[in-house]
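Residues per chain, in single letters:
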Amino acid sequence: MATTTAAQRREQARAEYDAFIKACPTNELLGRLSDKWVSLVVAALSGGPMRYSDLSRKIAGVSPKMLTQTLRTLERDGILSRTVTPSVPVRVDYELTPLGGSLALLLTAVKDWAETHIEEVHEARGRYDTENA
C-alpha cells in the first residue's frame with residue numbers, strides 16, 4: 001500500500017469537490033457568494049478600498065446589521081481585509097484581497113449583465129405573466 005503525503009491528500013480531496021452535493025464545502029461557498037449583499041460589497045470594493053460609511057452609502061438598502069455581517073463573513077473567508085487606523089475617530093478601511101479580486105471579476109460581470117439586461121427580463125416577465133394569468 002503506497003503512502004500519500006498531506007499535499008497529495010488535499011489535492012485528491014480538491015478533485016473530489018462537487019458543488020451539486022449538499023454536504024460539499026463548495027456548495028456552502030456558492031450559497032454565500034450568491035447572496036446579493038456579498039455581490040454588491042465585492043463589486044463596490046473592486047474600485048479600491050472603502051470605509052464602512054462609504055460602503056453603506058454606495059449600497060442602497062443594506063441595513064447596518066447586514067452590512068456588518070457581510071463584511072465579517074467576507075473577511076473570515078479571505079475575500080477582503082479590514083485595516084484599522086488608530087485616530088479619533090478610529091478609521092476602518094475594507095479592501096479586497098487577491099482572492100477577492102479574482103472573485104470581483106466574476107461578480108462585477110454578473111452585476112454588469114443584470115444592469116444591461118434588466119429591461120429584457122422585465123419584458124420576459126410581462127409576457128410570462130400575461131400568458132399564464
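To be clear, the structure that these remarks concern was listed above.
This text gives an overview of the structure that appears in the document. (Residues numbered from 1 in each chain as written. Predicted model: local features only at pLDDT ≥ 70, side-chain atom pairs only at ≥ 80, totals over all residues. Heavy atoms only, no water.)

Details of the pairing of strand β2 (residues 80-85)
Convention followed: At least two DSSP bridges between two strands are required for those strands to pair. Runs of E in the DSSP output that reach at least two residues are strands. Runs of H or I that reach at least four are helices, and both are numbered from the N terminus.
As paired elements, β2 and strand β3 (residues 91-96) share six bridges and run antiparallel to each other. When the sheet's bridge partners are listed, Arg 82 is paired in β3 with Tyr 94. Taking the residues between adjacent antiparallel strands as the criterion, β2 and β3 are bridged by five residues.

Observations concerning the packing of helix α3 (residues 36-45) against helix α6 (residues 98-131)
Heads up, the rule is: All axes here are fitted lines through C-alpha atoms, helices being fitted over the stretch that makes contact, and every angle between N-to-C directions spans 0 to 180 degrees. Reported orientations rely on four angle classes, namely roughly parallel under 35 degrees, roughly antiparallel over 145, roughly perpendicular from 65 to 115, and oblique for the rest. Note on convention: the crossing is left-handed when the near helix lies turned anticlockwise from the far helix by less than a right angle, right-handed when the turn is clockwise. Note on contacts: a residue pair qualifies if any of its non-hydrogen atoms lie within 4.5 Å across the two residues. Note that Gly is not counted as nonpolar here; it falls among the polar residues with everything else outside the nonpolar set of Ala, Val, Leu, Ile, Met, Phe, Trp, Tyr, Cys and Pro and the charged set of Asp, Glu, Lys and Arg.
Taken N-terminus to C-terminus, the directions of α3 and α6 make an angle of 110°; their axes are 8 Å apart at the nearest point. Comparing the axis directions of α3 and α6 gives the class roughly perpendicular. As for how α3 packs across α6, the hand of that crossing is left-handed. Only Gly 100, Leu 103, Ala 104, Leu 107, Thr 108 and Lys 111 of α6 make contact with α3, whose side of the interface consists of Val 38, Ser 39, Val 42 and Ala 43. For the contact of α3 with α6, the residue count by class is six nonpolar, three polar and one charged.

Brief notes about α6
Think of an α-helix as 3.6 residues a turn; residues three or four steps apart then line up on the same face. The condition is simple: Each residue after the first adds 1.5 Å to the expected span of a helix. We define the bend at each residue as the angle formed by axes fitted to the 7 residues ending at it and the 7 residues starting at it. Each residue is placed in one exposure class: buried if its accessible area under a 1.4 Å probe, protein chains only, is under 20% of its type's maximum, exposed if it is over 50%, and partly exposed if it falls in between.
Along its 34 residues, α6 runs 47 Å from first to last C-alpha, staying within 8% of the 50 Å computed at 1.5 Å per residue. If you look at α6, its biggest bend is around 55°, right at His 117. Buried within α6 we find Gly 100, Leu 103, Ala 104, Leu 107 and Thr 108.

Here's the deal with unusual backbone geometry
A cis amide bond links Val 88 with the next residue in sequence, Pro 89, at an omega value of -5°. As for its placement among the helices and strands, Pro 89 is situated in the loop between β2 and β3.

Quick look at the nonpolar core
Rule in force here: Buried Ala, Val, Leu, Ile, Met, Phe, Trp, Tyr and Cys residues that are joined via side-chain atoms within 4.5 Å together make up what is termed a nonpolar core.
Membership of the largest hydrophobic core comes to 22 residues, with the highest contact counts inside it found for Val 41, Val 42, Leu 45 and Leu 55. Elements with a minimum of two residues in this core: α3, α5 (64-76), β3 and α6. Counting residues per element, this core draws most heavily on α3, which supplies six residues. Beyond its immediate chain neighbours, meaning those up to four positions away, Leu 55 contacts Ala 44, Leu 45, Met 50, Leu 67, Leu 71 and Tyr 94.

Topic: the layout of surface pockets
The condition is simple: Using a 1 Å grid laid over the protein atoms alone, points where a 1.4 Å probe fits but cannot get out form a cavity; open sets with protein on both sides within 12 Å along at least 5 of 7 lines form a pocket; any residue with an atom within 4 Å of a point counts as lining. Grid points are joined across faces, edges and corners, and a volume is the space filled by probe spheres set on the points.
Its boundaries defined by the atoms lining it, the largest pocket holds a volume of some 240 Å³. As for the largest pocket, its lining consists of Pro 25, Glu 28, Leu 29, Arg 32, Leu 33, Asp 77, Ile 79, Leu 99, Ser 102, Leu 103 and Leu 106. If you list the elements that add at least two residues to the lining of the largest pocket, you get α2 (25-33) and α6. Looking at the lining of the largest pocket element by element, the count peaks at five residues for α2. The residue inventory of the lining of the largest pocket, partitioned by class, reads seven nonpolar, one polar and three charged.

Considering the pattern of salt bridges
For clarity, the threshold we go by: Only one rule defines a salt bridge in this text: a Lys or Arg side-chain nitrogen within 4 Å of an Asp or Glu carboxyl oxygen.
The full count for this structure, using the stated rule, is six salt bridges. For the salt bridge of Arg 32 with Glu 28, the shortest nitrogen-to-oxygen distance reads 3.7 Å. Taken together, the residues Arg 32 and Glu 28, both in helix α2 and four residues apart, mark about one turn of the helix. Because the salt bridges share partners, they merge into one network encompassing Glu 28, Arg 32 and Asp 77.

Topic: the side chain of Thr 97
Relative to the assigned elements, Thr 97 resides in the loop between β3 and α6. Thr 97 gets classed as buried once you look at its relative accessible area, which sits at 19%. Those residues in contact with Thr 97 that sit more than four places away from it in its chain are Gly 78, Ile 79, Leu 80 and Ser 81.

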